[in-house]
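Examination of the molecular architecture
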Amino acid sequence: MGPLLLVLVLALLLFGVGFAVKLLWWVALAVLVIWLLGFVFRSVEGGSRRRWYRW
């Protein structure tokens, strides 16, 4: 019974880690898209000093 519980806990742990990693990939993709859109809209906006930061 012990090894069966150990295998079940290990499977649940690995499933949770896999889900978290997949979620982090989607979050990273969304941040990348927002970052690229910021570059596009910043270059369209123009201005005298074209900087990639807002300081």
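Our subject is the structure that appears above.
Structural notes, computed from the coordinates. These numbers come from a predicted model, not from an experiment. (Residues numbered from 1 in each chain as written. Predicted model: local features only at pLDDT ≥ 70, side-chain atom pairs only at ≥ 80, totals over all residues. Heavy atoms only, no water.)

Things to note about the overall build of the chain
When you go through the chain residue by residue, the secondary structure sums to one helix and zero strands. Here the chain holds 55 residues, and 0% of them are scored as buried. Working note: accessible area of the chain is about 5600 Å², and carbon and sulfur atoms make up 79% of it. (Helix = DSSP H or I, 4+ residues; strand = E, 2+ residues; numbered from the N terminus. Buried < 20%, exposed > 50% of the residue type's maximum accessible area, 1.4 Å probe, protein only. Areas by Shrake-Rupley, 256 points an atom, 1.4 Å probe, with all protein chains shown as cover.)

A look at a nonpolar patch on the surface
Where nonpolar side chains cluster on the molecular surface, the patch consists of Trp26, Leu29, Leu32, Val33, Trp35, Leu36, Leu37, Phe39, Val40 and Phe41 and spans about 1000 Å² of accessible area. Position of Trp35 among the secondary structure elements: in helix α1 (residues 2-45). (Patch = residues over 30% accessible without salt bridge, like charges linked within 9 Å, V, L, I, M, F, W, Y side chains within 5 Å. Salt bridge = Lys/Arg side-chain N within 4 Å of Asp/Glu carboxyl O.)

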